[in-house]
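# Analysis of the macromolecular model
Residue strings, one per chain:
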Amino acid sequence: MEVTSIRPHHDHRPSVLALVAALALVTGFFLPLAHAQSVVATVPVGKNPIGIAYDSAKGEVFVTNYFQNTVSVISDATDAVVANIAVGSEPGGAVYDSARGEIFVSNSNASTVSVISDATDAVVATVPVGNGPAEMAYDPAKNEVFVANSYGSTVSVISDTTDSVAATISVGVSPFGVAYDSVREELFVADYSTNTTSVVSVVTDTVIATVSVGGGPAGVAYDPGRGEVFVANSNDNSTSVISDLKNAVIATVPVGFSPIGMVYDPGTGEIFVADYYGTTVSVISDATNSLVASIAVGNSPAGVAYDSGRGEVFVTDSGGNEVSVISDATASSSTPAQSSSTQSSSSSSGSASSSGSPASSSSLSLGYLGIIAVNAALFLSLGGAAAAKGKSRAGRP
């Protein structure tokens, strides 16, 4: 397999995920809500873990360590790190390719994607993509990996056969999160700066619909059981629920502060949402489209992955250099402290939420930077810095 050499990335804009890590110093603003599900293990990893992917063939979890330019490999049998792999500069997103037994890792500062063989735990290829690659999604029908390039308005399509870009798709500004809809063969892309979600046909590699969602859409998760797509709106602390049949928002669910990463758990029919500015993971029931639990995890949860082999959810605690392991066996019906009422909406939610989120971030051109900068300003305006002052941060880099 041909390995493409990496050309240094000389973009002098702020290192956006570095801001994620730096601003983790002021987390802890939200208190955990009542819940039954809880963390059953905590695994130390590298510096500032962000992205995460589960490898069902090996029973392993791959974690991107942003400040260390490495990927930690966790065995889900022992909840311990079994390997560390050097990758490109500032690794952020990760996705598992089941057909080839490979993990794709987006290197945000190098504008490349590293391809890791799970047989050897080594990088076997490096693929140049667009600027600031963020989250990714795998299409098993076409054996392709879709990469959101957050420093622009494109998605790169990588063929896993050739480990090269086969197409580039124009979407909204600052695409961040992506999810593949296997039933309709569509890709849903969260366009952070335009408060929209682009719907892409993977047959034609073109946008076929644009759905207005909440402020600063970041993470995306597909629910095949109900044919719905969940979008984390990081600027207004909510999750939009999109019907993939109608390509329209059918519900909006309040969650924790600055939701970013999310994953669908088919075992419980729930969506797990990482609330970055705090220490919780919100749990949404897809049956009621309401918040049913909030689980206490480590500082600044960012990425989430579901382990189908053991019925567990792995969460990267970016502010604590660790991964929290949640058992989904104790599904909760507890009533959260904040409202979990569902409100239908199909319009853009660019207006401020009840917590005072900024009205719009469309002027920000960078996906990662926009999410962090806007929410940092909000956090500071709410007195988060004062609340966090003097808090011990032992173990921080």
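These numbers come from a predicted model, not from an experiment.

Glancing now at the overall build of the protein. Helices and strands together make up the secondary structure of the protein, namely 3 helices and 28 strands. Sorting the 397 residues of the protein into buried and exposed places 61% on the buried side. Across the protein, the fraction of contacts at a sequence separation of at least 24, relative to all contacts at a separation of at least 6, is 51%. Taken as a whole, the protein presents about 13,400 Å² of accessible surface, with 52% of it coming from carbon and sulfur.

Another point: the environment of Ala167. Tracing the chain through its elements places Ala167 in strand S13 (residues 164-170). Judged by relative accessible area, which is 18%, Ala167 ranks as buried. With 21 residues separating them along the chain, Ala167 and Phe146 place their C-alpha atoms 9.6 Å apart. Setting aside chain neighbours within four positions, we find Ala167 in contact with Val155, Ser156, Val157 and Asp205.

Here we come to the sheet that holds strand S8 (residues 112-117). Read across the sheet, 4 strands follow the order S6-S7-S8-S9 without closing on themselves; strand pairing throughout is antiparallel. At either margin of the open sheet sits one strand with a lone partner, and together these are strand S6 (91-97) and strand S9 (122-128). Averaged over neighbouring strand pairs, the angle between their axes works out to 25° when direction is ignored.

On the secondary structure map, Thr154 appears in strand S12 (residues 154-159). A sequence separation of 16 residues divides Thr154 from Ser170, and the C-alpha atoms of the two residues are 4.5 Å apart. Among the polar contacts made by the side chain of Thr154, one reaches the side chain of Asn149 at a distance of 3.1 Å.

All right, on to the sheet that holds strand S19 (residues 228-233) then. With antiparallel pairing, 4 strands are arranged side by side in an open sheet as S18-S19-S20-S21. Of all strands in the sheet, those with a lone pairing partner are strand S18 (217-223) and strand S21 (248-254), marking the two edges. Between one strand axis and the next, the sheet turns through 25° on average, direction left out of account. Across 6 bridges, the pairing between strand S20 (residues 238-243) and S21 is antiparallel. Residue pairing for S21: Ser243 is matched across the bridge by Ala248.

Quick look at the pattern of salt bridges now. What the rule picks out here adds up to 5 salt bridges. As a salt-bridge pair, Arg184 and Glu186 come within 3.8 Å of each other at their nearest N and O atoms. We classify Arg184 as partly exposed; its relative accessible area is 36%. Glu312 is the salt-bridge partner of Arg310, the closest N and O atoms lying 3.9 Å from each other. Assessed through its relative accessible area of 9%, Glu312 is described here as buried.

Moving on, we get to the packing of aromatic side chains. Counted according to the given criterion, the structure contains 3 aromatic pairs. On the numbers, 5.4 Å between centres and 45° between planes, the contact of Tyr66 with Phe67 is tilted. With a relative accessible area of 36%, Phe67 lands in the partly exposed category. Look at Phe257 and Tyr277: their rings are 5.8 Å apart centre to centre, the planes differ by 45°, and that puts the pair in the tilted class. On the criterion of sequence distance, the pair formed by Phe257 in the loop between S21 and strand S22 (259-265) and Tyr277 in the loop between strand S23 (270-275) and strand S24 (280-285) is long-range, its members being 20 residues apart. Taken individually, Phe257 and Tyr277 each receive the classification buried, so the pair is uniform in this respect.

Turning our eyes to something else, we now look at the pairing of strand S5 (residues 80-86). Residues in a regular strand project their side chains so that they alternate between the two faces of the sheet. The pairing of strand S4 (residues 70-75) with S5 spans 6 bridges and is antiparallel. Bridging from a neighbouring strand, Ile74 pairs with Val81 of S5.

Cut-offs and rules
Residues numbered from 1 in each chain as written. Predicted model: local features only at pLDDT ≥ 70, side-chain atom pairs only at ≥ 80, totals over all residues. Heavy atoms only, no water. Helix = DSSP H or I, 4+ residues; strand = E, 2+ residues; numbered from the N terminus. Buried < 20%, exposed > 50% of the residue type's maximum accessible area, 1.4 Å probe, protein only. Contact = heavy atoms within 4.5 Å. Areas by Shrake-Rupley, 256 points an atom, 1.4 Å probe, with all protein chains shown as cover. Pairing = 2+ DSSP bridges. Axes fitted to C-alpha atoms, helices over the stretch in contact; angles between N-to-C directions. Polar contact = N/O pair within 3.5 Å; in protein donor to acceptor, adjacent residues only side chain to side chain. Salt bridge = Lys/Arg side-chain N within 4 Å of Asp/Glu carboxyl O. Phe/Tyr/Trp six-rings, centres within 6.5 Å; stacked < 30°, edge-to-face > 60°.

Any functional reading would require information that these geometric values do not contain.
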